Amino acid sequence: MRGGFRFPKLEGEPPAGVEEVALSGPLWVPLRQGFGGTCAAVVKAGDRVVRGQVLGRAEGEFACPVHAPASGSVAQIGSVKIGDDEVPAICIEPDGRNEEERLPGATASFEQLPAEEVQRLLHEAGVGSLFFEGLPAPAAPCLLPAEQVKFVAIAALATEPFLPKLRSLLDGRLDDFVIGLRVLHQAFPEAKIAVGHSRADSDLLAEVHRRGGAPPWLTIRPLVAKYPQEHPALLVTTLLAHKKVITSPAAVGAVVSDAQAVLHAKEAVVDGRPITERLIALGGNGFSRGGYAKVRVGTGVRALVSNRLTDQAEPYLVLGGLFTGFRVTDLEVPVTRTTAALACLPLPTKAELLGSFRPGARNVSASNAFLAAVLPFGSRRLVASLHGERRPCVQCNYCEDVCPVEIIPHLLSKQVTHGLVDESERFGILSCIECGLCSYVCPSKIDLLADIRLGKRTLMQEKEKYAETA
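Residues numbered from 1 in each chain as written. Predicted model: local features only at pLDDT ≥ 70, side-chain atom pairs only at ≥ 80, totals over all residues. Heavy atoms only, no water.

What follows concerns the pattern of salt bridges. Taken as a whole and judged by the stated rule, the model has 28 salt bridges. With its nearest N and O atoms 3.6 Å apart, the salt bridge here joins Glu277 to Arg296. With a gap of 19 residues between them, Glu277 in strand E13 (residues 277-283) and Arg296 in strand E14 (residues 291-296) connect regions that are remote in the sequence. One connected set of salt bridges, linked through shared partners, spans Arg173, Asp176, Lys266, Glu267 and Asp271. (Salt bridge = Lys/Arg side-chain N within 4 Å of Asp/Glu carboxyl O. Helix = DSSP H or I, 4+ residues; strand = E, 2+ residues; numbered from the N terminus.)

What follows is the structure in structure tokens.
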């Protein structure tokens, strides 16, 4: 992978060990989670539901069903704010009963099932929505028809700060991971499956390969652990050894997801359990106590941060990846079946001692502007501060150097802000994968990603208008 950024060891990495977050209500279950459209509710206020029961379905477009994460009653049907989107949602008030509905047709003898039935089970359980651009199933077409799936890529590495580490995900679950890979092979028997992982986890993946019997359809490959190597476009490009970045994996017959999706595949097809629970990493030195939490879908962030925050005036929380997630401004925002991490960073309100000299002995910096660049020991500290004010672009080209898709972010930013959006298409603005590294490394504190997103959105709106009038 060209460009990218290798983060040093950071303070606040979640320690190993999993806690189960106590079930508490209400649970707000969004009717759109992961890839696909919005489901329509199939329950109404006052209905009683059990864990795993379908709450919403969609007809005529790709959207996996959503399920009740606990037994209880439907309190109301409304909406929740997730990032910038207002999403329809169903509120479940848990009743404390341990009742569960399993998927009909799931079996430990899944290798006796036809591929279409395995695809159906994966879709019904919600696993298909965890795949970038979706996972095809009968009666649920997505960008790639099932018969055209030739390559299944699994990201078993996490280079974005504070995402779940593979060793924690697979702790005590190596055999489940092996079975999950076999489930995916059963669903798409003509496809090759490739798992990309960090070299630090080579021993773990060697054991996976051994327990799986080293089948010819499975490739396990170590990758350079630079952010954003796990991004679907870059993962497929690297695993297929393409010279140019493949921005749409479906265009080359590939479907892409991550290690936790493989575990969910096993739970769906063997155990008959749809996705109602996620393992979430809690990282960042804004937490007094980080770690891993097993939490039901629909649980509010408030329950995750309870008794974990340091004594700071305003915690800076990011749900999802630190670069790819969104800032939490409402602690009632719910966990979804795609949530993998919650980060909490300090938001400094006081100036650093001798800050005018920018010592930064523990700061992370791409420009080596801080003292930390010549202090190779110890862990580094990420905070929510920009370490300075916005200034004009100095054309340092840092953003171009780290860009993994070989575009020039500072040039695109200028084109967008000067009303030359049409020109930016010629310079590859639509190839941007929105990893956010350009904004992170900019010494002038310019939010290049925000400008690029604005340009992409404007271009797409212009194309839609043109299509309507053509």
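Direction vectors running N to C along helix H3 (residues 174-187) and helix H6 (residues 259-269) enclose 75 degrees, while the axes themselves pass 8 Å from each other. With respect to H6, the element H3 is oriented roughly perpendicular. Along the contact surface, H3 presents Asp176, Phe177, Ile179, Gly180, Leu181, Val183 and Leu184, while H6 presents Ala259, Val262, Leu263, Ala265, Lys266 and Val269. When its residues are assigned to classes, the contact of H3 with H6 shows 10 nonpolar, 1 polar and 2 charged. (Axes fitted to C-alpha atoms, helices over the stretch in contact; angles between N-to-C directions. Parallel < 35°, antiparallel > 145°, perpendicular 65-115°, else oblique. Contact = heavy atoms within 4.5 Å. Nonpolar A, V, L, I, M, F, W, Y, C, P; charged D, E, K, R; others polar.)

Bringing unusual backbone geometry into the picture now. Here the amide bond leading from Gly25 into Pro26 is cis, since omega sits at -5 degrees, within 30 degrees of zero. Here Pro26 shows up in the loop between strand E1 (18-20) and strand E2 (27-30). The omega torsion across Tyr227 and Pro228 is 5 degrees, close enough to zero to call that bond cis. With respect to the helices and strands, the residue Pro228 is situated in the loop between strand E11 (218-223) and helix H5 (232-239). Positioned with a positive phi, Asn307 is a non-glycine residue whose angle comes to about 65 degrees. Secondary-structure assignment places Asn307 in the loop between helix H7 (301-305) and strand E15 (316-319).

Along the chain, Glu133 turns up in the loop between helix H1 (115-124) and strand E9 (151-156). Buried Glu133, no salt bridge; nearest opposite-charge side chain is Lys456, N-O distance 12 Å. At 2.9 Å, the side chain of Glu133 forms a polar contact with the backbone nitrogen of Ala250. (Buried < 20%, exposed > 50% of the residue type's maximum accessible area, 1.4 Å probe, protein only. Lys, Arg positive; Asp, Glu negative; His and termini not counted. Polar contact = N/O pair within 3.5 Å; in protein donor to acceptor, adjacent residues only side chain to side chain.)

The next subject is the sheet that holds E15. What the 6 strands build is an open sheet, ordered E1-E14-E13-E17-E15-E16; its pairing is mixed. Lying at the two open borders of the sheet, with one neighbouring strand each, are E1 and strand E16 (326-327). Bridge count for E13 against strand E17 (residues 341-345) is 3 bridges, and the pairing is parallel. For Leu282, the partnering residue across the bridge sits in E17 and is Leu342. (Pairing = 2+ DSSP bridges.)

With that out of the way, let us pick up the nonpolar core. Formed by 53 residues in total, the largest nonpolar core has its most connected members in Leu122, Val152, Leu181 and Leu184. Counting only elements with at least two residues in this core, the list comes to H1, E9, helix H2 (166-169), H3, strand E10 (192-198), helix H4 (202-211), H6 and E13. Sequence-distant contacts of Leu184, that is, excluding residues within four places in its chain, are made with Leu122, Phe131, Val152, Ile154, Ile193, Val262 and Ala265. (Core = buried A, V, L, I, M, F, W, Y, C linked by side-chain atoms within 4.5 Å.)

Attention now goes to H4. Buried within H4 are the following residues: Leu204, Leu205 and Val208. One face of H4 carries all of its buried residues, which in axial projection span an arc of 90 degrees. When the buried face of H4 is taken as reference, the exposed residues oriented beyond 90 degrees from it are Asp203 and Arg210. On its buried face, H4 sits against H2, H3, E10 and E11. Phi turns positive, to about 80 degrees, at Gly213, one or two residues after H4. (Arc of directions from axis to C-beta.)

This next bit is on the side chain of Asp451. Its location among the elements puts Asp451 in helix H12 (residues 448-469). A polar contact is formed between the side chain of Asp451 and the side chain of Ser413, at a distance of 2.6 Å. Ignoring any residue separated from it by four or fewer positions in sequence, one finds Asp451 in contact with Ser413, Val416, Thr417 and Ile446.

So, about the pairing of E11. Sheet topology note: the E10/E11 ladder contains 6 bridges and is parallel. Its bridge partner lying in E11, Val195 is registered against Ile220. The parallel pair E10 and E11 is bridged by H4, and the resulting crossover is right-handed. (Right-handed = clockwise from strand over helix to strand, strands pointing away.)

On to the sheet that holds strand E3 (residues 40-41). Taking strand neighbours across the sheet as the criterion, the 3 strands line up as E3-E5-E6 in an open arrangement whose pairing is antiparallel. Every other strand in the sheet has two partners, leaving E3 and strand E6 (66-67) as the edge strands with one partner each. In this sheet, strand E5 (residues 54-57) lies alongside E3 in antiparallel orientation, the contact comprising 2 bridges. Bridge pairing in E5 links Ala40 to Arg57.

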